[in-house]
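A look at the structure
Here is what each chain is made of, one letter per residue.
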Amino acid sequence: MPQASSSNPSAIAELFGYSDPTLPKDALSSKQFSTLVEILSEGEIEGSASASKAGVTDITSSAYLNHFLKDVLLNGTQVLQANANVANPQDSDFNFKDIQFAFKSGTANQTKIDGIRNVERTTGINLRVTTSNPREHTITDTNIETVRITIQFPTLQKFEDNGNIAGAEVQLGIKTIQNNGTETTHITDTVKGRSTNAYNRDYEFDLPANASFPVVVQVFRTTADSSDSNLVNAFDFFTITELIKETQTYPNTAHIAIRISSEQFPRVPSRLFRIRGVKVKIPHNATVDASNGRITYSGTFNGTFLKDGSNNIIKKWTSDPAWILFHVLTNERFGAGIPEAKLNQYSFYSVSEYCNVLVDDGNNGLEPRYSCNINITTAKEAYTVINQLCSVFNAIAYFAAGSIEIAQDAPVTAPKYIFNLSNVTSDGFSYIGSSRKTRHTIFNVAYFDMETQEIDYETVEADQSTIDKYGQVVKTVSAIGTTSRGQAQRFGKWLLYNEQNAGESCNFTTTIDAGIIVRPHDIIGISDTLKAGVRRGGRL
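This text gives an overview of the structure that appears in the document. Treat the numbers as computed from the prediction; the structure is a model and nothing was measured. (Residues numbered from 1 in each chain as written. Predicted model: local features only at pLDDT ≥ 70, side-chain atom pairs only at ≥ 80, totals over all residues. Heavy atoms only, no water.)

1. Section: the sheet that holds strand β4 (residues 77-78)
Taking strand neighbours across the sheet as the criterion, the three strands line up as β4-β3-β18 in an open arrangement whose pairing is antiparallel. Strand pairing shows two members of the sheet lacking a second neighbour, β4 and β18 (271-273), which therefore form its edges. (Pairing = 2+ DSSP bridges. Helix = DSSP H or I, 4+ residues; strand = E, 2+ residues; numbered from the N terminus.)

2. Regarding the environment of Glu136
Take Glu136: it is sitting in strand β7 (residues 135-139). By relative accessible area, which is 44% here, Glu136 ends up partly exposed. As a C-alpha pair, Glu136 and Val216 span 80 residues in sequence and 6.4 Å in three-dimensional space. With near-sequence residues (within four places) excluded, Glu136 lies in contact with Ile177, Val216, Val217, Gln218 and Phe237. (Buried < 20%, exposed > 50% of the residue type's maximum accessible area, 1.4 Å probe, protein only. Contact = heavy atoms within 4.5 Å.)

3. Considerations on the nonpolar core
Trp323, Leu325, Leu329, Leu343, Phe348 and Phe393 are the most contacted members of the largest nonpolar core, which has 31 residues in total. Contributing elements (two or more residues each) for this core: α4 (321-330), α5 (345-355), α6 (382-392) and β27 (403-408). For this core, the element with the most residues is α4, which contributes seven residues. Excluding its chain neighbours within four sequence positions, the residues that come into contact with Trp323 are Val280, Lys281, Pro283, Ile295, Tyr297, Phe305, Gln345, Phe348, Tyr349 and Ser352. Judged by nonpolar contacts, the second largest core, of 29 residues, contains Leu28, Val170, Phe205 and Phe235. (Core = buried A, V, L, I, M, F, W, Y, C linked by side-chain atoms within 4.5 Å.)

4. A look at the packing of aromatic side chains
Within this structure, the stated rule accounts for 19 aromatic pairs. Considering the side-chain rings of Tyr64 and Phe68, the 6.2 Å spacing of their centres and the 75 degrees angle between planes classify their relative orientation as edge-to-face. You can see Tyr64 and its partner Phe68 sitting in helix α3 (residues 62-70), four residues apart, about one turn around the helix. Just as Tyr64 is buried, Phe68 falls in that class too. The ring of Phe220 carries Lys175 above its face, with NZ or CZ at 5.9 Å from the centroid. The side chain of Arg369 reaches across the aromatic face of Tyr354, ending 3.9 Å from its centre. (Phe/Tyr/Trp six-rings, centres within 6.5 Å; stacked < 30°, edge-to-face > 60°. Lys NZ or Arg CZ within 6 Å of the ring centre and 35° of its normal.)

5. Observations regarding a nonpolar patch on the surface
A cluster of nonpolar residues, Ile512, Ile516 and Ile517, forms a patch on the protein surface that exposes about 330 Å² of accessible area. For Ile512, the position within the fold is in helix α9 (residues 512-515). (Patch = residues over 30% accessible without salt bridge, like charges linked within 9 Å, V, L, I, M, F, W, Y side chains within 5 Å. Areas by Shrake-Rupley, 256 points an atom, 1.4 Å probe, with all protein chains shown as cover. Salt bridge = Lys/Arg side-chain N within 4 Å of Asp/Glu carboxyl O.)

6. Notes on the sheet that holds strand β1 (residues 33-42)
Hydrogen bonds between backbone atoms are what pair the strands of a sheet, whose relative direction is either parallel or antiparallel. Within the open sheet, the three strands sit side by side as β1-β17-β5. Their pairing is antiparallel. Edge strands, defined here as strands with exactly one partner in the open sheet, are β1 and β5 (100-104). When the angles between neighbouring strand axes are averaged without regard to direction, this sheet yields 10 degrees. Relative to strand β17 (residues 253-261), β1 runs antiparallel, the two being bridged by nine bridges. Bridge pairing in β17 places Ser34 opposite Ile260. Strand contacts of α3: β1, β5 and β17, with the helix running at about 105 degrees to β5, the strand carrying the most contacts. (Axes fitted to C-alpha atoms, helices over the stretch in contact; angles between N-to-C directions.)

7. Let's talk about the packing of α4 against α6
Between α4 and α6, the least distance of the axes is 9 Å, while the angle of their chain directions is 170 degrees. It follows from the interaxial angle that α4 and α6 lie roughly antiparallel. Between α4 and α6, the contacting residues are Pro321, Leu325, Val328 and Leu329 on the first element and Val385, Ile386, Leu389, Cys390 and Val392 on the second. When its residues are assigned to classes, the contact of α4 with α6 shows nine nonpolar, no polar and no charged. (Parallel < 35°, antiparallel > 145°, perpendicular 65-115°, else oblique. Nonpolar A, V, L, I, M, F, W, Y, C, P; charged D, E, K, R; others polar.)

8. A short note on the packing of α4 against α5
In a pair of packed helices, the angle between the axes and the distance between the axes together describe the arrangement. In the contact formed by α4 and α5, the axes pass within 8 Å of each other and the chain directions differ by 145 degrees. Contact with α4, carried on its side by Pro321, Ala322, Trp323, Leu325, Phe326 and Leu329, involves Gln345, Phe348, Tyr349, Val351, Ser352 and Cys355 of α5 and no other residues of that element. Per-class residue counts for the contact of α4 with α5 are 10 nonpolar, two polar and no charged.

9. Considerations on the environment of Gln489
Looking at the element boundaries, Gln489 is found in helix α8 (residues 485-501). Between the C-alpha atoms of Gln489 and Ala446, which are 43 residues apart in sequence, the distance is 9.8 Å. Here Glu458 takes part through its side chain, which lies 3.1 Å from a polar atom of the side chain of Gln489. (Polar contact = N/O pair within 3.5 Å; in protein donor to acceptor, adjacent residues only side chain to side chain.)

10. Regarding the side chain of Arg369
Here Arg369 lies in the loop between β25 (366-368) and α6. Here Arg369 is buried and forms no salt bridge, its nearest opposite-charge partner Glu367 lying at an N-O distance of 9.9 Å. For Arg369, the side chain forms a polar contact with the main-chain oxygen of Tyr354, separated by 2.8 Å. Filtering out sequence-adjacent residues up to four positions away, Arg369 remains in contact with Tyr354, Cys355, Val357, Val359, Gln487 and Arg490. (Lys, Arg positive; Asp, Glu negative; His and termini not counted.)

11. Re unusual backbone geometry
In this chain, Phe213 is followed by Pro214 through a cis amide linkage whose omega measures 0 degrees. Tracing the backbone through its elements, the reader meets Pro214 in the loop between β13 (199-206) and β14 (215-221). Of note in the backbone geometry, Asn394 takes a positive phi value of approximately 50 degrees without being a glycine. Among the secondary structure elements, Asn394 is positioned in the loop between α6 and β26 (395-400). Exposure remark for Asn394: the relative accessible area of 10% places this residue in the buried category.

12. Concerning the side chain of Lys175
For Lys175, the position within the fold is in strand β11 (residues 168-177). Side-chain polar atoms of Lys175 contact the side chain of Glu183, separated by 3.1 Å.

13. Focus on the pattern of salt bridges
Throughout the structure, instances matching the rule amount to 19 salt bridges. Arg148 is the salt-bridge partner of Glu204, the closest N and O atoms lying 3.2 Å from each other. Here the residue Glu204 occupies a position in strand β13, and Arg148 occupies one in strand β8 (residues 146-153), the gap between them amounting to 56 residues. A relative accessible area of 37% means that Glu204 is categorised as partly exposed. With relative accessibility at 17%, the residue Arg148 sits in the buried group. Put simply, Asp456 and Arg485 hold a salt bridge, and the shortest N to O gap is 3.0 Å.

As structure tokens, this is what we get:
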């Protein structure tokens, strides 16, 4: 007689013609979805950064939406991998499955996003469906456009004679019966697999157009009812949800809708969107560089803005801080609402030219001297916002001669005016120097790193002789609207230079004839006889 070790129960069972029961691999599990609607910006925006760089402008095309999925980061991970072919992405190119996405750019006449609802009404049914007894629910509300049916299998499995537990298969369908007798079958499905616990499956469909109400929704069973206790395949008409689709188009508001699966995200994930923001007016002779948002000019500026053939203003996305500031000052919806006639466009143009000069980016490349990439997410005093935007490009805004002008710290060839004892009051000049302890020698400049999606720091230090003189005096500052390490470094150097070379201020009161010549931003010269020990200026 064959012998078997008592430590191997499976071997013993095989001697008597038995084996361990096997379980099927096609086990079923319920899956739920959430749809999130996110407001990206007030006003029309450029949209996907990836699509913009690639020159894809049709926001309704699949190529554009696939580009945008490269710019959507869920829990810090791109939905679509950066090297994916947007014309034909493969399943392996997606880091997440079952993602649906829609985008509206924020125009005044944009249409609604299909499938977004603001009214849902769920009714519990919980009735067993058999071949001889389909279950029904009557919809009387004529505003209902869509229904969602939830079918529940308490258990779905088959016990075989050899002890194995297999899955089962059930065919079912859903149809509507209108008041005028019209019948429409919307769903025919086969549920196949195994579930030891309650398994839910949702079916969603639109009601027929111009339906005759009341409409009866009927769930029916095609597979014969089980009379075998070893085959468990009964199901219930569990719930029905009546939906009214969202009719709000959110004019002048850029927004997205994204549908995610609970299988991929048990909790609502963090969301980041890499976009190119609000479109603004730019000069008629301007062209935007799609690679970085800088503006280049050709010809002479005549004070007007870019228009199409029908003389309508064309707005463009740009990273030029001068025209971003102009837009915030003039916009009536979210800006200061200042009439354009009160702004000196030529001063903005002059500053813009200086901002867009290409300089060393600190990484063997070139970039615009100043770029602005900023999110304004809370209401603030207009003066605060204006000063913050001006700080991006080392500028000031001021009111002069009936209009608002801007000017920035930029090189000049000679002083605008020289003051001496003959054109100031008898009080002369007084000087105040800064404390040595307040002269910082190390600046940690905070900026937003687009690669890591986090705040990073660029450290700028004075030369060793300056550190030896003043010590290590550290200050941490934020470079507002900065996403470039090179720009953060230049900002730190600018602060460092000013603290080491502009440690003294001079106060004086001038006469009216001299005072009307200079503006707040002008570079002036001071010829102080008492300080210099020699007289180099005066009146004749």
